[in-house]
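Structural overview for review
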Amino acid sequence: MKVDLHTHTVASGHAWGTLFENVKEAKSKGIKLLAITDHGPSALGASTDVYFKSLKRIPKTIDGVRILSGVEANIINNKGKLDLEDEVLKKLDVVIVGFHKRCGYTDQGIKKNTKVLIKAMQNPYVKMLSHPYQSKIKIDIEKITQEAIKRNILLEINASYFFTKKIADKEIMDKLKLMIKILKENKKKMIINSDAHNPYEIGNFDDVISRFDELGINEDNLLNNDKEAVFKFFNIS
Ligand SMILES: [Zn+2]
Ligand SMILES: [Zn+2]
């Protein structure tokens, strides 16, 4: 697996790797394309918009690893507004949205949560959803997957769930399997991301790979080994 598009640094406030420690680990794991996607400003302890505006000053390539700038943005209200302005989002390579608790939006049940996430997906800069089947703020995974297909938004399989919890929850697995089934029926690719919160977790995909049969996927269903396809998808030159 050559690509990891969801990773955190110390700038998230509750992660432990610096950019350079993460890059070093990426290189040792054979990751060629690494996105730095720290939590958006509304997460407790996260960085301000100044940090995200300054990401353009990171070298494009460090030690042979291509670096993409990004954010895991939060939804802050019922209109699906994100915690970075569009003028900041449009300068980032990889804009992820994911529901997290205590980041502005309050859980209002599956129906309302789904509606609000769909509103956030209408933001043209949103290109990927983090762990859509797995948030404590629950959503209708079938509706969200259909919306992602319609809007060409990439859905991730979050590896951290598998390396932090050795026994997977049935409800979460059922939702993940449903997401995968719908994506496969529509011939859409998905991506595995580490969601690393310390350097050693970068590119740590073994626990997902060992479940490929159970999940009904193989490498052909993933974007992880196709750097060019990733560049094309995120419109990166
Ligand atoms: Zn997350
Ligand atoms: Zn994350």
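Structure shown above.
To start, this report covers the structure provided alongside it.

Criteria and thresholds
Residues numbered from 1 in each chain as written. Chains lettered and ligands numbered in written order. Predicted model: local features only at pLDDT ≥ 70, side-chain atom pairs only at ≥ 80, totals over all residues. Heavy atoms only, no water. Donors = N, O, S within 2.8 Å, 3.2 Å for Na, K, Ca; no water. Tetrahedral: all angles 85-135°; square planar, octahedral: opposite > 155°, others 65-115°. Helix = DSSP H or I, 4+ residues; strand = E, 2+ residues; numbered from the N terminus. Buried < 20%, exposed > 50% of the residue type's maximum accessible area, 1.4 Å probe, protein only. Phe/Tyr/Trp six-rings, centres within 6.5 Å; stacked < 30°, edge-to-face > 60°.

Our focus in this paragraph is the coordination of the zinc ion (ligand 2). All of the protein donors around the zinc ion (ligand 2) are H6 (NE2), H8 (NE2), E72 (OE) and D195 (OD); their distances to the metal are 2.0 to 2.2 Å. With four donor atoms in place around the zinc ion (ligand 2) and angles of 81 to 171° between them, the coordination shape is irregular. Mapped onto the sequence, the residues coordinating the zinc ion (ligand 2) show the spacing H-x1-H-x63-E-x122-D. The metal-metal distance between the zinc ion (ligand 2) and the zinc ion (ligand 1) comes to 3.4 Å, with E72 coordinating both. A residue pair is termed long-range when its members are at least 10 positions apart, and H8 in the loop between β1 (3-4) and α1 (19-29) and D195 in the loop between β8 (191-193) and α8 (206-209) qualify at 187 residues. Of the two residues, H8 and D195, neither departs from the other in class, the shared state being buried.

What follows is about the packing of aromatic side chains. Aromatic ring pairs are defined here through the distance separating the ring centres and the angle between the ring planes. Applying the stated rule across the entire model yields four aromatic pairs. Ring centres of Y161 and F162 lie 5.5 Å apart, and the angle between their planes is 90°; on these two criteria the pair is classed as edge-to-face. Neither residue differs from the other here; Y161 and F162 are each classed as buried.

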